[in-house]
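Chain by chain, the residues:
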Amino acid sequence: MTQVLGIDIGGSGIKGAPVDIETGQLLAERLRLITPDPSTPKACADCIAEIAKHFHWDARIGCGYPGVVKNGVTLTAANVDEGWINLDAKTLIEHATQCKTSIVNDADAAGLAEIRFGAGREVKGLVMMITLGTGIGTALFVDGKLVPNTELGHLEVRGKDAELRASDRARVKKDLSWKDWAKRLDEYLVVVERLFWPDLIIVGGGASKNHEKFIPFLSIRTPIVPAQMFNDAGIVGAALAGMELAVDYPK
Ligand code: BGC
């Protein structure tokens, strides 16, 4: 059994649990810490070290981060402190935890988990995972192979960044009914559909546990299904990516 500590760094919580990456099972109850405010790299790395300590961890760690990541360097920071921009996050976390670490985009991680163990298992063609949480994250798979760092949550809809109108955070902040929020989400999905013509859309993230409250209101023709691993996809996928996506892109 190969075990990796999966960590999901989010705008509101930092969650982690040891994962058996051969089965996608969490091996212990996950630990969730509130994301520090401000969410500076140092403060978040300390949280990750606390999670590692909680699980007496001394093996490999895989992290999902809510922004673009290449070669262990975090390049954007839409919903976390700007100190993450152009930061060697891999080295920072390795120093804080003393564990070999990999870091990838959070939606890519969640998508990887769904493709391997969840709603995208053995699905051919173009599968898009869309996470609806603090932001909107996307992961694109072609015949099961990831196209990393797609940032389609930032497509423009009605002249605005889509995630500001249609993320789960926007629903809560603007106190929208599920139906009203579904209309906004639908407008976004129509744009995605027109540009990418996916074969399957998997919705994950915080909102996906209430999928029956909004999926029925969507008008798109692409089949759309909820993530099967719900919120665990982020942790499981981060662990998987820790083993599998530890690749270097050209600099
Ligand atoms: C970021 C993405 C991230 C998504 C979900 C967006 O604001 O730009 O990289 O995947 O939020 O966390």
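Rules of the game
Residues numbered from 1 in each chain as written. Predicted model: local features only at pLDDT ≥ 70, side-chain atom pairs only at ≥ 80, totals over all residues. Heavy atoms only, no water. Pairing = 2+ DSSP bridges. Helix = DSSP H or I, 4+ residues; strand = E, 2+ residues; numbered from the N terminus. Axes fitted to C-alpha atoms, helices over the stretch in contact; angles between N-to-C directions. Contact = heavy atoms within 4.5 Å. Buried < 20%, exposed > 50% of the residue type's maximum accessible area, 1.4 Å probe, protein only. Disulfide = S-S within 2.5 Å. Near = heavy atom within 4 Å. Polar contact = N/O pair within 3.5 Å; in protein donor to acceptor, adjacent residues only side chain to side chain. Areas by Shrake-Rupley, 256 points an atom, 1.4 Å probe, with all protein chains shown as cover. Domains from an automatic or database assignment.

S.K.: I'm lost on the sheet that holds strand β15 (residues 200-204) in this one. Help?
M.R.: In sheet architecture, strand pairing relies on hydrogen bonds along the backbone and comes in two forms, parallel and antiparallel. Spatial ordering of the open sheet is given by β12-β11-β10-β15-β16, a layout of five strands whose pairing is mixed. Lying at the two open borders of the sheet, with one neighbouring strand each, are β12 (145-147) and β16 (224-226). Mean inter-strand twist for the sheet, computed between neighbouring axes without regard to direction, equals 30°. The sheet contact formed by strand β10 (residues 126-132) and strand β11 (residues 136-142) spans seven bridges and is antiparallel. In the strand pairing of β11, methionine 128 is matched with leucine 140. Sheet strands in contact with helix α3 (residues 106-117) are β10, β11, β12 and β15, and its direction is about 45° off that of β11. Relative to β10, helix α6 (residues 178-196) is tilted by about 150°, and along the sheet it contacts β10, β11, β15 and β16.

S.K.: Please explain unusual backbone geometry as it appears in this structure.
M.R.: Apart from glycine, the bulk of residues carry a negative phi angle, and the bulk of peptide bonds sit in the trans form. The linkage connecting aspartate 37 with the following residue, proline 38, adopts the cis geometry, with an omega of 0°. Take proline 38: it is sitting in the loop between β4 (31-34) and α1 (41-54). The backbone of glutamine 98 shows a phi angle near 60°, a positive value even though the residue is not glycine. By secondary structure assignment, the location of glutamine 98 is in the loop between α2 (89-97) and β9 (101-105). The class of glutamine 98 is exposed, set by a relative accessible area of 65%.

S.K.: Sorry if this is basic, but what is going on with the state of the cysteines here?
M.R.: Counted according to the given criterion, the structure contains zero disulfides. Left without a disulfide partner, cysteine 47 is nearest to the cysteine sulfur of cysteine 44, which lies 6.0 Å away.

S.K.: Quick question: what am I supposed to make of the site of the ligand here?
M.R.: Around the ligand, the structure places 13 residues, and the nearest of them are Asn105, Asp106, Glu151, His154 and Glu163. One of the side-chain nitrogen or oxygen atoms of asparagine 105 is found 3.0 Å away from an oxygen atom of the ligand. Protein chains bury 93% of the 310 Å² of accessible surface belonging to the ligand in isolation. For the shell around the ligand, the elements supplying multiple residues, two or more each, are α3 and β11. The two domains that each donate at least three residues to the shell around the ligand are domain 1 (3-108 + 233-248) and domain 2 (122-227).

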